[in-house]
Structure formats: C-alpha cells, structure tokens
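Spelled out, the chains give:
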Amino acid sequence: MFSENARKELEAILKKYPNKRSAVMDALRVAQNEGAGHITKADMEEISRVLEMPANEVHAAATFYTMYRVNKPVGKYHIQVCANISCSLMGADHIIKHMENVLRIKTGETTPDSKYTLSTVECLGSCGTAPMMQVNDDYYENLDEKKIDELLGRLK
Amino acid sequence: MEKVLLKNYGKPDSHKIENYILSGGYKGLEAAVKLKPDSLIQLIKDSGLRGRGGAGFSTGLKWSFIPKDPTIPKFLCCNADEGEPGTFKDRGIIDHDPHLLIEGMIITSYAIGASNAYIYIRGEFVFGTNRLQVAIDEAYAKGYLGKNIMGSGFNLDMYIHRGFGAYICGEETALLESIEGYRAQPRKKPPFPALAGLYAKPTVINNVETLSCIPSIVEKGAEWFSKIGAPKSPGPKIYCVSGHVKKPGLYELPMGTTVRDLIFNHCGGMLHEGRALKAVIPGGVSAPLLTPKDLDTPLDFDSLAAKGSMLGSGAVIVMDQTTCMVKSAHIVTRFFSHESCGKCTPCRDGTPWLTRVLGRIEHGEGKPGDVELLESLCTNIFGRTFCPLGDGAVMALRGFVKNFRDEFQFHIDYKRCMVS
Ligand SMILES: Cc1cc2nc3c(=O)[nH]c(=O)nc-3n(C[C@H](O)[C@H](O)[C@H](O)COP(=O)(O)O)c2cc1C
Ligand code: SF4
Ligand code: FES
C-alpha cells in the first residue's frame, strides 16, 4: 500500500503526462521500492484504482518488463551479473562461478538469511568495462575475484 | 579530429551547467532560436546527419515530415533505451555531459514545434536518470526550459520516462507504446510516428547521439559537419569498443574510420599478445560479424551494408582466436529470444527454438543435422517477423554459421569445443 511519500511522488509523476495511464510504469516502480523489492496483487489493484485503468492491464504491464518482480521477493542485495557477449568474452562465467562459491547458492537463488539474491542479466550497457554487475541500483565494473570479495565484505 | 560529442567527457564536474556553459554550451541554442524552424530543418538536412540509433535515416528529412500546423501538439522523444549488447555510448553522454543532450533536444523541439519532450531511458541507468533530472532542473532554472525560452516566445517542457527492462522498447513504436502505459509491442507502420506517434500526435524519435550532434551543427554550420568523415554518412561517430582489445572504451572518431585503425591504432591492438583476431561484430549483436579479411572496411552505414553487415549502434565487439563461436552465437541468440516481445509467431517461437538447438550443440549434445536445422529455422523466421528484432536474430546467427560452420560441426561430431 502506498505511503504518504509515495502518494506525493505519484502526484508529481502524473503531471508529466496528458493521461493517467502513462504513469503506470512509474507507479509500479514506486510500489516495488516501497514493497521491499517486489510487487503484490494488492499493489496492482491500488494502482488500477488510482490510475483508473483495468487491473488486468496493470498486471499486463508489470509482467512485461523484466525489472518488475511480481510476487517474487529478492534478498536485501540483488546481485545481477551480466552474462551477455562482451562480459562473457572478458570472463563473466568465472565471475558467476566465484559468486556462487562465495555465496554458497546457485544463480537464481537467495541466501537463507535473505541477504543476497544472485541472478544473471542481459547486457547492462557497460560493455567497455566488462565483466560487470549491478547490485541494487549500482554498477560495479572491471570485476575480478578480489573486487568481489571486497565488495561483499562491505555490504552489510 | 576535434572532439564534439565527448569533448567534456572525463573533465571534472562536466555534468554541471556552469561548466557546460563555460565550455561554450547553450551557444547553439542561442543561435537556433534566432533562426526560423524551417531554416533549422534545412540546415540539419544539409549537414548530412544520419540517425545514430541504428537505421541511419536522414535526421533533417525525418524532422521535415512533421506537419507545420501550429495548432497540432507535437512531441519529441529521445531514445535512450540503449539496449543493443555492446553499446554504451548514450550512457557516456548522459552520465558525463547531460546538457549536451538537453541542448540538442531543445533545439530539435524548436525546429519541429514540439512543446513537450520525453527522454526514454532504460531502467537500469539509475545514475544517469538522476544526473539527467538534476540537469533538466538546472536548465529550467536558467531559462533554457519552460516558458519563453531565451526571449523567443517558444515554450518547452522536458520529462524523463524510465523503461524497466525490455530491449524492444528501443524500437521506436514500442517505445511510444511504453510511454502510453502499454506493453511495449511495436505498432504497425504506417502511420509513421511523424504523423501519428505519441498519443497519436506527430512525433520525432531520435537517438541520444543524434540529438547531441545538433548544437555543434547549428553553431559551426552544415558544411563543417558534412566535411567530417565519410561523405555519405558524415560527422563524428562514437564507437563503443569491447572484448579482446587492450584499451576498450568509447572512441569519438570521424565516421568511416576503418576496423583496423580503430582496433590496432586507437585501442592499442589485441588484449593478449600472440593471440590473433578471429572476428569483429561491427555494430552491436544484430550486425553480422566480420572476419580478419574485412579489417579495412570503413565503419560507416554504406560500407558496412556493402559487406552484408551494418553500423547499427556503433558497438564494435572484438573476439580473439580463443573465442568459441558456438558459445558466442548461443549467447547472442539467447538474448534475442529473451527479448522477443511475443507479438508475432516466427520470432516468439522461432528464437527460443534456435536457442535450444544452439545450447545443445554448445554443450556437446548436438545431433547430426543440427546445423542444417538452424539454417532452415532461419529461413522460416527471416522476412516473416513484424519488426526487425526477429530478422536481426537471424542475420546475426547466419553470420556465425556462414563463417564458422566447421566449429559448429566439430561441436556436434566430437562433443567438445574446437578452440577452448
Ligand atoms: C529491436 C530494436 C531495438 C532498437 N533499439 C534502439 C535503442 O536502444 N536506441 C536507439 O536509439 N534506437 C534503437 N532502435 C532504432 C529505433 O527504432 C529508431 O530507429 C531510432 O531511435 C531513431 O533515431 P535516430 O534516427 O536518431 O537513429 C532499435 C530498433 C529496433 C528494431
Ligand atoms: S519480431 Fe519479435 S520483437 Fe518484433 S514484433 Fe515480432 S515477436 Fe515482437
Ligand atoms: S555485455 Fe555486459 S554490460 Fe554489455
């Protein structure tokens, strides 16, 4: 459910567009940020009320775009390693294996303490500094084992 | 060549408006609002600028299709979706020189008579989104955005629309669907966006790099621009180099720089001494690969088209002799399959099928006849898809199979990789 802050954010968002429906992507993003990284049915129903659009169309949008996680909670840190071509050429496979070893989970899983989720993703537009990954909103580039170990030590 | 697009890249606080103005920024806008919109469009036509988003369409011509009727609202959309694997130039401009893009967008809006402009930026670019928003706010504060810009009577509002993880949003009509709050599936053309685009109103969609060329053309003239690089696709070009080179990164060079010059001169050669170049993807993964015999090909729209490939987004991906071509083809095809929007059957069903066959060949489970199966699947997809994504998948894969068929066959026959 939207907090007071989220409602304010949504009001500002609505000013960007000539119709309400165009705000659906931003509204889903706000809901996901509020809802500990994922979107629930209740969120989508609320968005459908606020934006005056059918709930199934909110759902259609939410499931089309891969960054929305519908009913799919992730850990506190969502680690997404790029597995596309430039990163692969520069050793992405090795980075992914190292992550799996250190976190003791497989790609696609979350650690039992819900701290880390490990995923692979398609190109993140950072191919000149491959291999790279994104942790929550931040990019980490030119990765090697040492950098990863240091970073994991810093993430509390 | 004097840098135009990356001239501020890497300078301290290059993203701040004071520094942009100190470096000569917003002079193009000052000159532009003194011109008639029609003269501006003619100027861009004369410069020979062609779109940097992939298709290479004449920018001035695209603008000229917008109806002149001042009572019809019009839109400008900047395509900052940057999803083509290997590409990272638009992010470079946005992170380091957001005002260059904003100035280009204000001039473009003035030329086409748009009073609202959207920047469609991919959702993962959180840093860039924040940078852009701060820069937009700065531009409002200085009077470059908002009402009566620089006393010209022209009004413009600029907004950011964030994507959320879908490569197809880079296709211009899917991008419009996405802003309107729908699933991003391409629209039927015609009608073209110039007549019925965003909210069914006349709309220009241009790439970040295209728009960032505009201020300097207005300031220095069409002739100056048209004399840089290749005569039929002139201007500066940002090449995004990744893979097995010593110095990967962004290189702003005259359009038409050869592959050899770029890799062996500007990028310092191959990453590992003693390893030979095996293949180069010249324009993002949709572009069929080139082999060492093509090293002297100029990287411009027409020269690459003549080689059966394309300049695309200008993403140059370099592979040395240790690269497994089956694995690379698998990664590239998997990407297209993952990003297929599902609207048309040949792409929705065909690209996952290609991916499955490639996966089993890569992992030593290929069957005799699998190479031929790939080829016949390609024939069934190509030319039958609703948008260029499906065709791109086929063209890329054909490039791999045509040039490295023996590697695919080796994987099938010996159940292991030929090179690694
Ligand atoms: C599948 C697909 C993906 C595309 N992705 C992008 C993209 O990420 N960025 C971009 O500028 N153009 C992309 N394009 C090209 C756009 O449709 C459009 O041609 C371009 O934005 C026009 O701008 P320009 O004339 O300045 O190049 C893509 C096209 C297709 C078919
Ligand atoms: S070719 Fe693929 S991406 Fe394009 S419309 Fe068809 S299914 Fe969608
Ligand atoms: S291929 Fe990994 S960021 Fe582009």
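The structure we're discussing is the one just above.
The structure reproduced in this document is the subject of the present report. What you are looking at is a predicted structure, and each value in this text was computed from that prediction instead of being measured.

Right, let's talk about the sheet that holds strand E8 (residues 315–320) of chain B for a bit. Pairing between sheet strands relies on hydrogen bonds along the backbone, with the strands arranged either parallel or antiparallel. All names here are of chain B. Spatial ordering of the open sheet is given by E6-E5-E8-E7, a layout of four strands whose pairing is mixed. Strand pairing shows two members of the sheet lacking a second neighbour, strand E6 (249–254) and strand E7 (277–281), which therefore form its edges. Taking each pair of neighbouring strands and ignoring which way they run, the sheet shows an average axis angle of 30 degrees. Pairing between strand E5 (residues 236–243) and E6: six bridges, direction antiparallel.

Before going further, it helps to spend a moment on the site of ligand 1. Residues and elements named next belong to chain B. Taken together, 18 residues sit near ligand 1, with Gly53, Lys62, Asn79, Asn207 and Thr210 positioned nearest. For ligand 1, an oxygen atom lies 3.5 Å from a polar atom in the backbone of isoleucine 205. Take asparagine 207: an N or O atom from its side chain is 2.8 Å from an oxygen atom of ligand 1. Within the complex, 89% of the 610 Å² of free accessible area of ligand 1 lies under protein. Elements represented by at least two residues in the shell around ligand 1 include exactly strand E4 (203–207) and helix H16 (388–414). In terms of residue count, E4 provides more of the shell around ligand 1 than any other element does, three residues in total. A class-by-class count of the residues in the shell around ligand 1 yields four nonpolar, eight polar and six charged.

Residues and elements named next belong to chain B. Between its first and last C-alpha atoms helix H14 (residues 345–362) spans 25 Å; for 18 residues at 1.5 Å apiece the expected length is 26 Å, and the two agree. Every buried residue of H14 is accounted for by Cys347, Gly350, Thr351, Leu354, Thr355, Val357, Leu358, Gly359, Ile361 and Glu362. The secondary structure elements touched by the buried residues of H14 are helix H13 (325–339), helix H15 (370–381) and H16. Immediately downstream of H14, the backbone of glycine 364 shows phi near 75 degrees, a positive value.

The next subject is the packing of aromatic side chains. Taken as a whole, this structure holds 17 aromatic pairs over all chains when the rule is applied. Considering the side-chain rings of Phe64(A) and Tyr65(A), the 5.0 Å spacing of their centres and the 75 degrees angle between planes classify their relative orientation as edge-to-face. By relative accessible area, Phe64(A) is classed as buried at 12%. What makes Tyr65(A) buried here is its relative accessible area of 1%. An aromatic cluster of three or more residues is present, and its members are Tyr17(A), Phe75(B), Tyr118(B), Tyr159(B) and Tyr199(B). If you follow Arg398(B) out to its NZ or CZ, it ends over the ring of Phe382(B), 4.9 Å from the centre.

What counts as what
Residue positions are given per chain, counting from 1 as you read along its sequence in written order. In the order they appear in the text, chains get letters beginning with A and ligands get numbers beginning with 1. Only residues with pLDDT of at least 70 are given local features in this predicted model, and only at 80 or more are side-chain atom pairs given and counted; all residues enter the totals for whole chains, interfaces and linings. Neither water nor hydrogens contribute to the side-chain values; these are computed over all heavy atoms in the structure. Pairing between two strands is assigned when DSSP locates at least 2 bridges connecting them. Only DSSP runs of H or I reaching four residues or more are called helices, and only runs of E reaching two or more are called strands; each is numbered from the N terminus. Angles here are taken between N-to-C directions and fall from 0 to 180 degrees, while the axes themselves are lines fitted to C-alpha atoms, restricted in helices to the stretch in contact. Think of it this way: one heavy atom of a residue within 4 Å of a molecule or strand is enough to make that residue near it. Polar contact is the term for a pair of N or O atoms within 3.5 Å; when the atoms are in protein, one must be able to donate a hydrogen and the other to accept it, and sequence-neighboring residues count only if both atoms are side-chain atoms. Residue exposure ignores everything except the shown protein chains as possible cover, and the areas themselves are Shrake-Rupley values with a 1.4 Å probe. Note on residue classes: Ala, Val, Leu, Ile, Met, Phe, Trp, Tyr, Cys and Pro are nonpolar, Asp, Glu, Lys and Arg are charged, and everything else, Gly too, is polar. Each residue after the first adds 1.5 Å to the expected span of a helix. Only protein chains enter the accessibility calculation, which uses a 1.4 Å probe. A residue is then buried if its area is under 20% of the maximum for its type, exposed if over 50%, and partly exposed in between. Pairs of residues are marked as contacts when any of their non-hydrogen atoms sit within 4.5 Å. Only rings of Phe, Tyr and Trp enter the pairing, Trp through its six-membered ring, and a pair is recorded when the two centres are within 6.5 Å. The plane angle decides the type: under 30 degrees is stacked, over 60 is edge-to-face, the rest tilted. A ring is scored as having a charge over it whenever the NZ atom of a lysine or the CZ atom of an arginine sits within 6 Å of its centre and within 35 degrees of its normal.

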